[in-house]
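These are the residues of each chain, in order.
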Amino acid sequence: MAASASSTIHISTKPSRTSLSWKTHFASSPAFAVSPLRGHRQYPRFVIFAMGAKPTVLVAEKLGEAGVSLLKEFADVDCSYNLTPEELCNKISLCDALIVRSGTKVSREVFESSGGRLKVVGRAGVGIDNVDLAAATEHGCLVVNAPTANTVAAAEHGIALLTAMARNIAQADASVKAGKWLRNKYVGVSLVGKTLAVMGFGKVGSEVARRAKGLGMHVIAHDPYAPADRARAIGVELVSFDEAIASADFISLHMPLTPATNKILNDETFAKMKKGVRIVNVARGGVIDEDALVRALDAGIVAQAALDVFTVEPPKDSKLVQHENVTATPHLGASTMEAQEGVAIEIAEAVVGALNGELAATAVNAPMVPAEVLSELKPFVALAEKLGRLAVQLVAGGSGVKSVKVTYGSARAPDDLDTRLLRAMITKGLIEPISNAFVNLVNADFTAKQRGLRIAEERFLLNGSPESPLEFIQVHISSVESKFASALSDSGEIRVEGRVKDGIPHLTKVGSFEVDVSLEGSIILCRQVDQPGMIGKVGSILSEENVNVSFMSVGRIAPRKHAIMAIGVDEQPTNESLKRIGEIPAVEEFVYLKI
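Rules of the game
Each chain has its residues counted from 1, following the order in which its sequence is written. In keeping with the model being predicted, local features are shown solely for residues with a pLDDT of at least 70 and side-chain atom pairs are shown and tallied solely at 80 or more, while totals for entire chains, interfaces and linings include all residues. Calculated side-chain values reflect all of the structure's heavy atoms, with hydrogen atoms and water omitted. UniProt positions are given in the numbering used here, feature names are shortened, and annotations may be inferred rather than shown by experiment. In this text, buried Ala, Val, Leu, Ile, Met, Phe, Trp, Tyr and Cys residues form a nonpolar core when linked through side-chain atoms within 4.5 Å. Accessible area is worked out with a 1.4 Å probe on protein chains only. A residue is then buried under 20% of its type maximum, exposed over 50%, and partly exposed in between. Runs of H or I in DSSP of at least four residues are treated as helices and runs of E of at least two as strands, each being numbered from the N terminus. Two residues form a contact once any of their heavy atoms are found within 4.5 Å. A carboxyl oxygen of Asp or Glu within 4 Å of a side-chain nitrogen of Lys or Arg is what we treat as a salt bridge. Each polar contact in these results corresponds to two N or O atoms within 3.5 Å; when the atoms are within protein, one needs to be able to donate a hydrogen and the other to accept it, and residues that are neighboring in sequence are counted only if both atoms are side-chain atoms. Two strands pair under a simple rule: DSSP has to find at least two bridges between them. With strands facing away from the observer, any crossover in which the path from the first strand over the helix to the second runs clockwise is taken as right-handed. Lines are fitted to the C-alpha atoms to define the axes, a helix being fitted only along its stretch in contact, and any angle between axes, read from their N-to-C directions, falls within 0 to 180 degrees. Our arc is simply the arc of the directions from the helix axis toward the C-beta atoms. For classification purposes, angles smaller than 35 degrees are called roughly parallel, those larger than 145 roughly antiparallel, those between 65 and 115 roughly perpendicular, and all remaining angles oblique. Should the near helix be turned counterclockwise from the far one by less than a right angle, the crossing is left-handed, whereas a clockwise turn marks it as right-handed. Each residue gets one of three labels, nonpolar for Ala, Val, Leu, Ile, Met, Phe, Trp, Tyr, Cys and Pro, charged for Asp, Glu, Lys and Arg, and polar for the others, Gly among them.

Labelled according to an unreviewed UniProt entry, the protein chain appears under the name D-3-phosphoglycerate dehydrogenase, originating from Datura stramonium. We quote the UniProt Catalytic activity (unreviewed entry) comment for the protein chain here in full: "(2R)-3-phosphoglycerate + NAD(+) = 3-phosphooxypyruvate + NADH + H(+)". UniProt's Subunit (unreviewed entry) comment on the protein chain is quoted here verbatim: "Homotetramer."

Dropping the structure here:
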């Protein structure tokens, strides 16, 4: 190693309504066009061209009047609702921007029909499942959403369901209207002094916590990204997932629906809860296994549930909805007049800003990267994301991830190595598994800033040929506990290192242990006493469960001392298989990591 150079990206936690400013140049052209140009240090620069005439904005679904008025100050606005897919495709070639809610599908055909004129799609709300992001990016179209205006409305609805459930409001109302007077049947429970677990301490979760504190509740929260100082400022204690569900009298869900959170409340987790717990969900229906919740209600494990969201909406012939101890509302979290107006203004501001050449902080897709840069970095992009995913899964405890250092080893001079895309993909790997954020080159730094995550980059200049852009990437997470102690380096940081071999990402170091395992499928890491037969014992357990081992590597300090065994698997082992691995006498600790 000849020399090193380092730079730090400090991401402020101060909130801002506006975004990463994307200044552009303007020139005459028949229509807008986004073009990647080679700029300083090989960074792609993006230029928007526009005519002097007003742009045209198509509003395809009902939008609050305040938002429409704002748009009309800048553009020609066409409010055409209930368009068929064919009608939308016919209109779109005359439009520079499109605004939709959840009912209009913005498909690849829409972008193809625009003929390159469509420059921005605005989704008036949070989710963007109805917009083909890949097609938008391929066609140079920016996609923005409105994620903040609904915050207070969703939090208020969560509190409304909490209090209504505790006092049986819905059931008592229906009873009185049916001519009954059942005072003894609908005795409620008090909120004062009860423990509320807020699962997901983002914008909505933290607002629910503030309001619950005002009701005299003791509030705890679980969120691996929530800054501890922000929680303390509200008077909330951050705890582990298991501690939160085990100690709560009430549980309020505010987590996104991701592969990691899908059916996270299930038979196993319900069994860990206090008998008589009460659950509120104004987040996403899929985070609860609805059949398991019915069983928990019938068994008395869950006393009551108040639900605004469901796996399938509207629910059909649902035993859960019909259960006498369930209060249900039809996805009303954002349904206040104020929130609807706020969303309209937020999305209108984002669309106008984008057409003016400013990149909205709520952008959810990336501009095009020059083909030659993307081609060269492609295998390292995959490596960067997977290292981020591995590193964050090694974090334990409730303090959250706050400081990450990324180290690049390269024989190239810093001016010849553009790491923005790599940093964005590491951020994506760190955040997306437990977030509904879409992280990419455009919004990675902003998304990290929202979560109080500080990213530092360090480059080591190596001797050798600069033909390959990188030799290795390391991800360090400091000031956290690790669920796999061997992943800690000598300085006490979680550290993972990876390299690209024959175009395939490999994990090459965990903590101070050298390993070599292909990052395909998922990984089991075991720290063990180095002795004969260990590979066979673990392999036998996995083969009995029909789990295919794709790769296996052992790194050790010295013969007959401690070793780390890294096992690549194609299928997820059962909990029983993992338990059996942990019971092998020579295995001192192990962890299963999804890639």
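Caption draft 1: Spotlight on the nonpolar core. Val 404, Leu 430, Ile 473, Ile 477 and Leu 507 are the most contacted members of the largest nonpolar core, which has 52 residues in total. Residue contributions to this core peak at ten residues, all from helix H14 (residues 371–393). With near-sequence residues (within four places) excluded, Ile 477 lies in contact with Ala 391, Val 392, Val 395, Val 401, Ser 403, Val 404, Leu 430, Glu 493 and Ile 494. Grouped together as the second largest cluster of nonpolar side chains are 30 residues, Ile 220, Phe 241, Met 273 and Val 294 included.

Caption draft 2: Region of interest: the pattern of salt bridges. Within the structure shown, the criterion is met by 20 salt bridges. The salt bridge partner of Glu 457 is Arg 423, with a shortest N-O separation of 3.1 Å. Taken together, the positions of Glu 457 in strand E18 (residues 454–461) and Arg 423 in helix H15 (residues 420–431) put the pair 34 residues apart, joining distant regions of the chain. For Glu 457, a relative accessible area of 4% gives the class buried. Each of Glu 207, Arg 210 and Arg 211 takes part in salt bridges that share partners, so that together they form one network.

Caption draft 3: Local environment of the side chain of Ser 486. Within the fold, Ser 486 resides in the loop between strand E20 (481–482) and strand E21 (494–501). Accessibility expressed as a relative area gives 5% for Ser 486, which makes it buried. In terms of polar contacts, Ser 486 uses its side chain to reach the side chain of Arg 527, at 3.5 Å. A polar contact of 2.7 Å, which involves the side chain of Ser 486, links it to the side chain of Glu 589. Non-local contacts of Ser 486, meaning those with residues more than four positions away in its chain, are made with Val 510, Gly 511, Ser 512, Phe 513, Arg 527, Ile 564 and Glu 589.

Caption draft 4: Representation of the environment of Gln 304 within the structure. Within the element layout of this structure, Gln 304 appears in strand E14 (residues 302–307). When sequence neighbours within four positions are dropped, the list of residues in contact with Gln 304 reads Met 165, Ala 166, Asn 168, Val 277, Arg 278, Ile 279, Leu 297 and Asn 325. Among the polar contacts listed, one links the side chain of Gln 304 to the side chain of Asn 168, at a separation of 2.8 Å.

Caption draft 5: Looking closely at the pairing of strand E10 (residues 218–222). Within E10, four of the five residues are buried, which leaves the element mostly enclosed by the surrounding structure. Summarising the sheet, strand E9 (residues 195–199) and E10 pair through five bridges and their orientation is parallel. Residue Leu 196 lies in a different strand from E10, and its bridge partner there is Val 219. Handedness of the crossover joining E9 and E10 through helix H7 (residues 203–214): right-handed. The pairing of E10 with strand E11 (residues 237–238) spans two bridges and is parallel. Bridge pairing links Ile 220 to Glu 237 in E11. Between the parallel pair E10 and E11, the chain is carried across by helix H8 (residues 228–234), and the sense of this crossover is right-handed.

Caption draft 6: View of the sheet that holds strand E4 (residues 56–59). Within the open sheet, the five strands sit side by side as E5-E4-E6-E7-E8. Their pairing is parallel. Single-partner strands in this sheet number two, and they are strand E5 (76–79) and strand E8 (142–145). In this sheet, adjacent strand axes meet at a mean angle of 20 degrees when their direction is disregarded. Helix-sheet contacts for helix H1 (residues 65–72) involve E4, E5 and strand E6 (97–100), and the interaxial angle to E5 is about 145 degrees.

Caption draft 7: Here's a closer look at H1. Regarding H1, the residues found buried are Gly 67, Val 68 and Leu 71. For H1, the angular spread of the buried residues around the axis is 100 degrees, confining them to a single face. Elements that come into contact with the buried residues of H1 comprise E4, E5, E6 and helix H13 (337–355).

Caption draft 8: Broad picture of the pairing of E9. The buried fraction of E9 amounts to five of the five residues, a majority that puts the element mostly inside the structure. Taking every second residue as pointing to the same face, both faces of E9 are buried, with Thr 195, Ala 197 and Met 199 on one and Leu 196 and Val 198 on the other. Across four bridges, the pairing between E9 and strand E12 (residues 250–253) is parallel. Paired with Met 199 across the two strands is Leu 253, which belongs to E12.

Caption draft 9: Representation of the packing of helix H5 (residues 151–166) against H7. Closest axis-to-axis distance for the H5/H7 pair is 8 Å, and the angle between their directions is 50 degrees. Of the possible angle classes, the one that applies to H5 and H7 is oblique. Our pair here, H5 against H7, has a crossing hand that is right-handed. The residues of H7 that touch H5, namely those facing Thr 151, Val 152, Ala 154, Ala 155, Glu 156 and Ile 159, are Lys 203, Val 204, Glu 207, Val 208, Arg 211 and Ala 212. In the contact of H5 with H7, the residues fall into seven nonpolar, one polar and four charged.

Caption draft 10: Expanded view of the environment of Asn 325. With respect to the helices and strands, the residue Asn 325 is situated in the loop between helix H12 (319–322) and strand E15 (326–328). Owing to a relative accessible area of 24%, Asn 325 belongs among the partly exposed residues under this scheme. Residues Asn 325 and Ala 303, 22 residues apart in the sequence, show an inter-C-alpha distance of 7.0 Å.

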